[in-house]
Amino acid sequence: MSKVAVVYWSQTGNTEAMANAVAEGITSAGGEAALINAGDFDPGAVTEYDAIAFGCPSMGVEVLEESVFQPMWDEVKGSLAGKKIALFGSYGWGDGAWMRDWEEDCKSAGIELATESVMANEAPGDDETKECKELGKALV
């Protein structure tokens with residue numbers, strides 16, 4: 001059974017709702033999902049999982065959340081090469097530049113994404129929820 005971490009940070013609950021949908025997709029595909037708040041994840045935990053989905057909303061001027069998520073991301077990304085990785089998150093304005101920048105950061109760090117990233121404008125609707133479930137399935 002594939003063990004998949006869903007590591008996320010959420011302020012309003014939108015990205016948390018996406019994380020729950022990712023976890024549902026993982027379990028529906030026969031995997032074991034572990035929902036983990038970003039502040040509770042570190043490089044030592046990477047080896048415990050076959051795959052990891054990371055979720056963070058766009059903050060400020062379209063950047064990752066800076067006090068909890070970004071420091072965790074900077075600490076773990078060097079340990080992710082060779083793992084199945086996927087990204088998701090919500091935004092309230094802008095055009096998704098934070099996700100494109102995050103994907104580029106992955107590429108620069110040698111991280112190959114297992115599937116297309118999922119973005120939701122505000123709360124995830126039916127389409128985004130379905131995409132999150134598919135993202136979860138792709139990691140199993």
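Summary of the structure given here. (Residues numbered from 1 in each chain as written. Predicted model: local features only at pLDDT ≥ 70, side-chain atom pairs only at ≥ 80, totals over all residues. Heavy atoms only, no water.)

## Quick look at the overall build of the protein
For clarity, the cut-off: Helical segments are the DSSP runs of H or I of at least four residues, strand segments are the runs of E of at least two, and each set is numbered from the N terminus. Note on method: radius of gyration uses C-alpha positions; expected globular size equals 2.2 Å times residues raised to 0.38. Think of it in three bands: with a 1.4 Å probe and only protein chains considered, a residue is buried below 20% of the maximum accessible area for its type, exposed above 50%, and partly exposed in between. Note on contacts: a residue pair is in contact if any heavy atoms of the two residues lie within 4.5 Å.
For the protein, the count of helices and strands is five helices and five strands. Its helices and strands taken in sequence order, the protein reads β-α-β-α-β-α-β-α-β-α from the N to the C terminus. Relative to the 2.2 N^0.38 estimate, which gives 14 Å for 140 residues, the radius of gyration of the protein is 13 Å and therefore close to what a compact globule would have. When the backbone C-alpha atoms are referred to their principal axes, the protein occupies close to 40 × 30 × 25 Å. Here the protein holds 140 residues, and the buried ones make up 45% of them. Once local pairs closer than 6 in sequence are excluded, the contacts in the protein between residues at least 24 apart make up 75%.

## What to know about the environment of Gly44
Examined against the element boundaries, Gly44 turns out to sit in helix H2 (residues 43-46). For the pair Gly44 and Ser79, spaced 35 residues apart in the sequence, the C-alpha separation amounts to 8.8 Å.

## Some words on the sheet that holds strand S4 (residues 84-91)
The condition is simple: The pairing criterion for strands is at least two bridges between them, as found by DSSP. Lines fitted to C-alpha atoms define the axes here, with helix axes fitted over just the stretch in contact, and angles between the N-to-C directions of these axes take values from 0 to 180 degrees.
Strand order in the open sheet made by the five strands is S2-S1-S3-S4-S5, with parallel pairing throughout. Either end of the sheet is taken by a strand with one partner, and the two such strands are strand S2 (32-37) and strand S5 (118-121). Adjacent strand axes in the sheet meet at a mean angle of 15°, parallel and antiparallel pairs treated alike. Inspection of the sheet shows strand S3 (residues 51-55) paired to S4 by five bridges, in the parallel sense. Bridge pairing links Gly55 to Phe88 in S4.

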